[in-house]
Amino acid sequence: MEWGARGAGVVVGAAVGDALGGPFEFGPAGAFSARFPEVGCGGEMAGGGGWDPGEATDDTQMAVLVGESLLECEGLDLPDVFGRFRRWAAAEPKDIGLQTEDVLTSGLEWDRAAAEHFRVNRRAAGNGALMRASTSAVWFAGRGRAATMDAARRISALTHGDPAAWEGTAIFHELVRVALAGGDPLAALPDVLGVVHPEHRERYAVVLAADWHPDLATEFNGAVWPCLGSAVWALRTTDGFEEALRAAIDLGGDTDTVAAVAGGLAGACYGLEAVPARWTEPLHVPLPGWGERVLRVEELVDLARRLGAGVGAGEGE
Ligand SMILES: [Mg+2]
């Protein structure tokens, strides 16, 4: 498969998961398959819970902000990313993580806001940095393991002061890099765990183990560990893009984010062609803070293509 198809699969796959899971957020397990019993039955992009059919939530909105910053700054400019996040948060998006909102509206500088929040609250290992990592994962995929994991940590740290959140995002970045290079991210897991920060390795080893099941989670899946573990579980226990997303949303809880993470990984493995057209067609990403801008799938594909340009060529097969 061509590298570009996988790169677009990451960005569009994550966005589709987000939009598909949004209406089921905080709902019970099994709600998705109760409403849409069969694979391929259609009508799944139905909206609800305040979301229009196909409307992407904060996960994708923030991912677009990160991706556009990387392109316009020609690399990682953390104050610029933080500035875009703040402009977005100030425009009162429909959905924003509690911690992300606290940090972005604190008035503190980009390099102090999240650290100060963590110092005061001590609980900051939400999945809010992991959820927005699709675009940065594509941009950094061609730059090697150390560079992509380092970038993931630094972008996470803009809103999440807890290093546990950084490590989860770093693992996601690395799994995407492996998949875009034509490798098997599940087979790479033991190797990836070896480069996770030692203080956080054991906890990730538990949720990423082949015999782990989301029922074994010790926290709500809005926390970074079960969120990543559940997304990897959805990929491992299914054999197609659509099946992986159904499994992720059927877990209930923070369905948009678990499905966004699962969709990014599944999109990297199966490519853009595996994402059902009936899901991409209604997909749209409003961008609060940027006037009436709304991105459609063509613009997400173009964003992914530009993020991968120059670094992906020759990387995969
Ligand atoms: Mg969301």
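Since the structure is predicted, the reported quantities are computational estimates derived from the model, not experimental observations.

A.B. asks: Is there a simple way to think about the overall build of the chain in this case?
C.D. replies: When you go through the chain residue by residue, the secondary structure sums to 16 helices and two strands. Over its C-alpha atoms the chain spans a radius of gyration of 17 Å, differing by no more than 12% from the 20 Å that the globule rule assigns to 317 residues. On the principal axes, the C-alpha backbone points of the chain span a range of 50 × 45 × 40 Å. Out of the 317 residues in the chain, the part that is buried amounts to 55%. The long-range fraction of contacts in the chain, counting pairs at least 24 apart against all pairs at least 6 apart in sequence, stands at 74%.

A.B. asks: Looking at this structure, I do not really get helix α1 (residues 3-21). What am I missing?
C.D. replies: Residues separated by three or four positions in an α-helix point in the same direction, a consequence of the helix having 3.6 residues per turn. In a regular helix each residue adds 1.5 Å, so 19 residues correspond to 27 Å; α1 covers 27 Å between its end C-alpha atoms and thus fits that length. Where α1 bends most, the angle comes to about 25°, and this point is V10. Within α1, 18 of the 19 residues are buried, which leaves it mostly tucked inside the rest of the structure.

A.B. asks: Any chance you could explain the nonpolar core here in plain terms?
C.D. replies: Side chains of a nonpolar character, in soluble globular proteins, are inclined to be buried together. Formed by 103 residues in total, the largest nonpolar core has its most connected members in L228, A231, A248, V261, A262 and L265. Other than its neighbours up to four places away in sequence, L228 contacts L130, G168, I171, F172, V207 and V261.

A.B. asks: Explain unusual backbone geometry to me, please; I cannot follow it from the model alone.
C.D. replies: With the exception of glycine, the majority of residues adopt a negative phi angle, and the majority of peptide bonds are in the trans configuration. One non-glycine residue with positive phi stands out, namely E92, at about 55°. Note on placement: E92 falls in the loop between α4 (78-90) and α5 (98-104). Even without glycine at this site, R122 takes up a positive phi of about 70°. Counting through the fold element by element, R122 comes out in the loop between α6 (113-121) and α7 (134-141).

A.B. asks: So what exactly am I meant to see when it comes to the environment of G263 here?
C.D. replies: Summarising the element assignment, G263 is placed in helix α14 (residues 255-270). Judged by C-beta crowding, with 36 C-beta atoms within 10 Å, G263 ranks as buried. Expressed as a C-alpha distance, the spacing of G263 and R236, which sit 27 residues apart in the sequence, is 13 Å. Aside from chain neighbours lying at most four places away, what touches G263 is G13, A14, V16, G17 and L245.

A.B. asks: Sorry, what's going on with the confidence of the model for the chain here?
C.D. replies: Scored by pLDDT, the chain comes out at a mean of 95, with 97% of its residues at no less than 70. Note that pLDDT drops below 50 for residues 312-317; the model gives that stretch 17 contacts with residues more than four away or on any other chain.

A.B. asks: Help me out: how do you make sense of the environment of E199 in this one?
C.D. replies: For E199, the location among the structural elements is in helix α11 (residues 198-207). Residue class for E199 comes out exposed when judged on the 10 C-beta atoms lying within 10 Å of it. For E199 and E167, which are 32 residues apart along the polypeptide, the C-alpha to C-alpha distance reads 9.9 Å.

A.B. asks: Honestly, helix α9 (residues 163-180) in this entry has me stumped. Any pointers?
C.D. replies: In a regular helix each residue adds 1.5 Å, so 18 residues correspond to 26 Å; α9 covers 26 Å between its end C-alpha atoms and thus fits that length. Of all 18 residues in α9, 16 are buried; the element is thus mostly enclosed. Following α9 by one or two positions, G182 has its phi on the positive side, about 90°.

A.B. asks: Teacher, can you tell me more about the packing of helix α8 (residues 145-156) against α9 here?
C.D. replies: The angle between the axes and the distance between the axes are what describe a pair of packed helices. The N-to-C vectors of α8 and α9 enclose an angle of 140°; their axes lie 8 Å apart at closest approach. In this structure, α8 meets α9 at a crossing whose hand is right-handed. Taken together, the residues of α9 that come into contact with α8 (itself represented by R145, T148, M149, A151, A152, R153 and S156) are A165, W166, T169, A170, F172, H173, E174 and R177. Counted by class, the contact of α8 with α9 contains seven nonpolar, four polar and four charged residues.

Quick notes on the rules
- Residues numbered from 1 in each chain as written.
- Predicted model: local features only at pLDDT ≥ 70, side-chain atom pairs only at ≥ 80, totals over all residues.
- Helix = DSSP H or I, 4+ residues; strand = E, 2+ residues; numbered from the N terminus.
- Rg over C-alpha atoms; globule rule 2.2 N^0.38 Å.
- Buried ≥ 20, exposed ≤ 12 C-beta atoms within 10 Å, placed from the backbone.
- Contact = placed C-beta atoms within 7 Å.
- Expected span 1.5 Å × (residues − 1).
- Bend = angle between axes of the 7 residues up to and from the residue.
- Core = buried A, V, L, I, M, F, W, Y, C linked by C-beta atoms within 7 Å.
- pLDDT = per-residue confidence, 0-100.
- Axes fitted to C-alpha atoms, helices over the stretch in contact; angles between N-to-C directions.
- Left-handed = near helix turned anticlockwise from the far one by under 90°.
- Nonpolar A, V, L, I, M, F, W, Y, C, P; charged D, E, K, R; others polar.

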